[in-house]
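Listed below are the residues making up each chain.
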Amino acid sequence: MNLPIRKLYTRYIHNVIIAIEAITANTLKSLLTALGIMFGVAAVISMLAIGKGAQQEVLEQIKMVGVNNIIITPVKETVISGDGTNSDDDSNQKSKRKSKGLTLVDAESIQKTIPSVDKVSPVISMNYYAVKYDKSYPIVLEGVAPEYFSLLNIGIVKGKIFSDEQNEKGVPVCVIGNNIKVKFFNQENPIGKYIKVGENWLRVVGVAEKRDFTASASDEMGISSSDNKIFIPTKALLLRFKDRSRINPKIFEQMSRGGNNSNSEDKATIENQLDKIIIQVKETNELSATADIIKRMLLRRHANLYDFEVTVPELLLKQQQKTNDIFNIVLGAIASISLIVGGIGIMNIMLASVWERIREIGTRQAIGASRKDIIVQFLAESTLISIGGGLIGIVLGVLLAYTIEATAGIKTIVSFISVFIAFGVSATVGIVFGYIPAKSAASQDPVESLRH
């Protein structure tokens, strides 16, 4: 480094040191000056952390409901009344009599008929108690196809899933959730062991991975944890446990014709055989079209009765993500306003400081300090206050984000980019809003300054 450059460098370092001495000499005043920046940076980091957490939740939900999936659920049970005294109109009542609700045949027809469909799995859920030795535990028994696990991205940590052949034959085998494994097989390998559910013994062939999920995901998308579930082949559940679609054929036929039933069973409820049908489409761009085809197909099969609902979770989640992004931009903009307010606060207090330190400015000018030296001194002072406030604000923002997650149950993720942006903006605010006071200080007349 040659002499002129070293001299220039030393001169500016000296100005910065004077600025640091001025800050440390008035610690409380400097701290109060930086408050706006502190809270502004903390607000930006915590708001961006909330937004990042919401975005991550959406991505996790998309993974849990599966990519390119369509979910069909029954709207409600179809009630068939033999006396015809239902409050619905006649045409709707006749449709109800003809519809058997969501059935296994519906799922098979969708698989065979629609070319854009890749995989299909019916889902039947029932509450039972699992028993092994002297241990009893409430579980959800789900009848599913082997494709179910790939549809919802459920990994198998031990063993394997049951085969198509086992599903077709209704073999009493099962894949158990993590909590079931811990409860009944904590110290042993469960593969090949038996567990009793209801009156049936099931042979364990696999253990599903542990999955975390949010309450919002469960409510909005109908997904839930697999930890307390035992999965068996669909036809095993229908054959060995309960087929809810079965009623007396003669009663069904008589009611379908509108006849009266003199028996005590004059009113029957046809329950949906399935609780859900999950369908995976081959290409994302075929989701909407396939959903429309499925809807029209099921309407024909269900006598034009909307006793089912077709949902495309991925499209709903992407719309939710878009809404979250807009909301995050608004939150970030509101939080950024506090940084601007903080910068205005720095500018006002630094302007007041110029008048308080006018003799100091005059003395420095009298001993040879140039206007540039005065500008550097006051600009360094405002920038250091802003940077110091930004560093404290980062700590506060991170603590606030974790506090929100712990107390409110809202997922937050503090990213490096949000911290970098907040810190960078705080430093910029110090430079931008500190320039006017620095220029005002440099423009003071030395003679007038010393008179004060």
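All values derive from a computational prediction rather than experimental measurement.

Asks: Any chance you could break down the overall build of the chain for me, citing the residues and the numbers?
Replies: Per the secondary structure count, the chain includes 16 helices and twelve strands. Taken across its 452 residues, the chain has 45% of its residues classed as buried. Look at the contacts in the chain between residues 6 or more apart in sequence, and 79% of them connect residues 24 or more apart. Surface exposure of the chain reaches about 23100 Å², of which carbon and sulfur atoms provide 58%.

Asks: With reference to specific residues and values, describe the packing of helix α4 (residues 104-113) against helix α11 (residues 287-301).
Replies: Closest axis-to-axis distance for the α4/α11 pair is 11 Å, and the angle between their directions is 135°. As judged from the angle between their axes, α4 and α11 are oblique. Taken as a pair, α4 and α11 cross one another with a handedness that is right-handed. For the pair α4 and α11, contact is made by V105, D106, S109, I110 and T113 and by I294, M297, L298 and R301, respectively. Its residues assigned to classes, the contact of α4 with α11 comprises five nonpolar, two polar and two charged.

Asks: I'd like a rundown of helix α14 (residues 371-408), residues and numbers included.
Replies: Taking 1.5 Å as the rise per residue, α14 with 38 residues should run 56 Å; its terminal C-alpha atoms sit 53 Å apart, in good agreement. G409 occupies a position one or two residues after α14 and carries a positive phi of about 75°.

Asks: Give a description of helix α13 (residues 358-366) that names residues and reports values.
Replies: Residues of α13 that are buried include every one of I358, I361, G362, R364 and Q365, and no others. Buried positions in α13, seen along its axis, are confined to an arc of 165° and lie on one side of it.

Asks: Describe the pattern of salt bridges, and please don't skip the residues or the numbers.
Replies: This structure, assessed with the given rule, holds six salt bridges. K229 serves as the salt-bridge partner of E142, at 3.0 Å between the closest nitrogen and oxygen. Of this pair, E142 sits in strand β4 (residues 135-144) while K229 sits in strand β9 (residues 229-233), and the two are 87 residues apart along the sequence. Note on accessibility: E142 and K229 belong to one class, buried. E168 is paired through a salt bridge with K235; the nearest N and O atoms lie 2.9 Å apart. Of the two residues, E168 is situated in helix α6 (residues 164-169) and K235 in helix α9 (residues 234-240); the sequence distance between them amounts to 67 residues.

Asks: Report on the packing of aromatic side chains, specifying residues and quantitative values.
Replies: The full count for this structure, using the stated rule, is eight aromatic pairs. Considering the side-chain rings of F149 and F162, the 6.0 Å spacing of their centres and the 75° angle between planes classify their relative orientation as edge-to-face. Of this pair, F149 sits in helix α5 (residues 148-151) while F162 sits in the loop between β5 (156-159) and α6, and the two are 13 residues apart along the sequence. With respect to burial, F149 and F162 carry one shared label: buried. On the numbers, 6.0 Å between centres and 35° between planes, the contact of Y306 with F308 is tilted. A relative accessible area of 53% places Y306 in the exposed class.

Asks: An account of the packing of α14 against helix α15 (residues 416-442) is needed here, citing residue identities and associated values.
Replies: At a minimum axis separation of 7 Å, α14 and α15 run at an interaxial angle of 150°. Comparing their axes, α15 and α14 come out roughly antiparallel. Note that α14 runs across α15; the crossing there is right-handed. Here the residues of the contact of α14 with α15 sort into 16 nonpolar, seven polar and two charged.

Asks: Can you explain the pairing of strand β8 (residues 200-208)? Please cite residues and give values.
Replies: Successive residues of a regular strand alternate their side chains across the two faces of the sheet. β8 sits mainly inside the fold: seven of its nine residues count as buried. Both β5 and β8 contribute to a ladder of three bridges, which runs antiparallel. Looking across to β8, one finds that I156 is bridged to A208. Alignment of strand β7 (residues 194-197) against β8, held across four bridges, turns out to be antiparallel. What sits directly across from V197, in β8, is N200. In sequence, β7 turns back onto β8 through a hairpin of two residues, with G198 there showing a positive phi of about 65°.

Asks: Give a detailed account of the nonpolar core, specifying residues and quantitative values.
Replies: Counting 43 residues, the largest nonpolar core has I72, I110, I195 and I230 as the members making the most contacts within it. In this structure, V44, I346, V354 and F378 belong to the second largest nonpolar core, which totals 26 residues.

Asks: Report on unusual backbone geometry, specifying residues and quantitative values.
Replies: Phi is positive for N153, close to 55°, though the residue is something other than glycine. The backbone of A303 sits at a positive phi, close to 55°, despite the residue not being glycine. Within the fold, A303 resides in the loop between α11 and β12 (308-311). Given the relative accessible area of 23%, A303 is considered partly exposed.

About the thresholds
Residues numbered from 1 in each chain as written. Predicted model: local features only at pLDDT ≥ 70, side-chain atom pairs only at ≥ 80, totals over all residues. Heavy atoms only, no water. Helix = DSSP H or I, 4+ residues; strand = E, 2+ residues; numbered from the N terminus. Buried < 20%, exposed > 50% of the residue type's maximum accessible area, 1.4 Å probe, protein only. Contact = heavy atoms within 4.5 Å. Areas by Shrake-Rupley, 256 points an atom, 1.4 Å probe, with all protein chains shown as cover. Axes fitted to C-alpha atoms, helices over the stretch in contact; angles between N-to-C directions. Parallel < 35°, antiparallel > 145°, perpendicular 65-115°, else oblique. Left-handed = near helix turned anticlockwise from the far one by under 90°. Nonpolar A, V, L, I, M, F, W, Y, C, P; charged D, E, K, R; others polar. Expected span 1.5 Å × (residues − 1). Arc of directions from axis to C-beta. Salt bridge = Lys/Arg side-chain N within 4 Å of Asp/Glu carboxyl O. Phe/Tyr/Trp six-rings, centres within 6.5 Å; stacked < 30°, edge-to-face > 60°. Pairing = 2+ DSSP bridges. Core = buried A, V, L, I, M, F, W, Y, C linked by side-chain atoms within 4.5 Å.

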